[in-house]
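One letter stands for each residue in the lines below.
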Amino acid sequence: MILFHASKIIVENPDIYHSRRRVDFGKGFYTTPIYEQAFSLCQRYLKMGLEAYITTYTFDEVALEKCNVQKFETYSEQWLEFVLSCRKNLDKSDYDIVIGGVANDKVFDTVELFFSGLINKEEALKRLKYAKPNLQICFRNQSVIEKYLVYKESKKL
């Protein structure tokens, strides 16, 4: 599988150590199989006057069978609770890889309304049902990155 990473630098040797903790799936190295999604993320860097790169990797999907993987097929109650747990830095799971939708601007607004208690879980899930699907793959184990993710190239936008 081909995966992409959007960044303001070239990332030939990805690692989990430079990641923030309070993000969708916790501390890890984030990628997507959707080029347009990586391209869209790079636009933020360009708007700030920074350089932007899309780095391409090959991913050995054998890892999905050999590693501890959590995959969210949809924006579900389980996804919502997991994202909230990670964003509060309360996640204690030991997943090597987490796969699921991104809490982008529209999704993030719904998550924040729920997080703040302004809407209930049912309303949040109802709103998330209409969100445009996207996909992120978060590598949360450095040895998994080193074994299954291989740098291919970087392109400056």
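Attention here is on the structure that accompanies the text. Counting of residues starts from 1 at the beginning of each chain's written sequence and follows it residue by residue. Predicted model: local features are reported for residues with pLDDT of at least 70 only, side-chain atom pairs are reported and counted for 80 or more only, and whole-chain, interface and lining totals are derived from all residues. Derived side-chain values reflect all non-hydrogen atoms in the structure, with water molecules and hydrogen atoms excluded from consideration.

1. Some points on the sheet that holds strand β2 (residues 29-31)
Strands qualify as paired when DSSP identifies two bridges or more between them. The numbering of helices and of strands both runs from the N terminus, where a helix is a DSSP run of H or I of at least 4 residues and a strand a run of E of at least 2. Within the open sheet, the 4 strands sit side by side as β2-β6-β5-β4. Their pairing is mixed. Edge positions in the sheet fall to β2 and β4 (69-71), since each of these pairs with one other strand and no more. Strand after strand, the sheet turns through a mean of 15° between neighbouring axes, direction not considered. By the bridge criterion, 3 bridges tie β2 to strand β6 (residues 136-139) in an arrangement that is antiparallel. Pairing of Thr-31 across the sheet is with Ile-137, part of β6. Helix axes are fitted to C-alpha atoms over the stretch in contact, other axes to C-alpha atoms as well, and angles between N-to-C directions run from 0 to 180 degrees.

2. Examining the pairing of strand β5 (residues 97-100)
Here β5 shows two buried faces, one formed by Ile-97 and Ile-99 and the other by Val-98 and Gly-100. Bridge count for β4 against β5 is 3 bridges, and the pairing is parallel. Among the inter-strand pairings, Lys-71 is bridged to a residue of β5, identified as Ile-99. By convention, orient the strands away from the viewer: a clockwise path from the first strand over the helix to the second makes the crossover right-handed. Between β4 and its parallel partner β5, the chain crosses via helix α3 (residues 77-87), and the hand of that crossover is right-handed. Taken together, the 4 bridges between β5 and β6 define a ladder with antiparallel strand orientation. Its bridge partner being in β6, Val-98 is matched across the sheet by Cys-138. Partly exposed describes any residue whose relative accessible area lies between the buried limit of under 20% and the exposed limit of over 50%, with all areas from a 1.4 Å probe on protein chains only and scaled to the type maximum.

3. Overview of a nonpolar patch on the surface
Side chains of Tyr-35, Phe-39, Leu-46 and Leu-157 sit close together on the surface and give an oily, nonpolar patch of about 300 Å² of accessible area. Tracing the backbone shows Leu-157 in the segment after β7 (149-156). Grouping into patches uses exposed residues only, defined as over 30% relative accessible area, and leaves out salt-bridged ones; the cut-off is 9 Å for like charges and 5 Å for nonpolar side chains (Val, Leu, Ile, Met, Phe, Trp, Tyr). Method for areas: the Shrake-Rupley scheme with a 1.4 Å probe, in which residue coverage is limited to the protein chains shown. By salt bridge we mean one thing: a side-chain nitrogen of Lys or Arg within 4 Å of a carboxyl oxygen of Asp or Glu.

4. Points about the environment of Asp-94
Mapped onto the elements, Asp-94 comes out in the loop between α3 and β5. Residue Asp-94 is classed as exposed on the basis of its relative accessible area of 58%. Spatially, the C-alpha atom of Asp-94 lies 9.1 Å from that of Val-69, the residues being 25 residues apart in sequence. In this analysis, two residues are considered to be in contact whenever any of their non-hydrogen atoms come within 4.5 Å of each other. Leaving out residues up to four positions away in the same chain, Asp-94 has contacts with Asn-68 and Arg-140. A polar side-chain atom of Asp-94 sits 2.8 Å from a polar atom in the side chain of Asn-68. The term polar contact refers here to a pair of N or O atoms within 3.5 Å; inside protein, the definition further demands a hydrogen-donor-capable atom paired with an acceptor-capable atom, and it admits residues adjacent in sequence only when both atoms are side-chain atoms.

5. Comments concerning the nonpolar core
We call a set of buried residues a nonpolar core when its members are Ala, Val, Leu, Ile, Met, Phe, Trp, Tyr or Cys and they connect through side-chain atoms within 4.5 Å of each other. Among the nonpolar cores identified, the biggest contains 18 residues, and Phe-25, Phe-72, Trp-79, Leu-80, Phe-82 and Phe-114 are the most heavily contacted of them. Every element with two or more residues in this core is listed here: α3, α4 (105-115) and α5 (121-128). The biggest single contributor to this core is α3, with 6 residues. Judged by nonpolar contacts, the second largest core, of 16 residues, contains Ala-63, Val-144, Tyr-148 and Leu-149.

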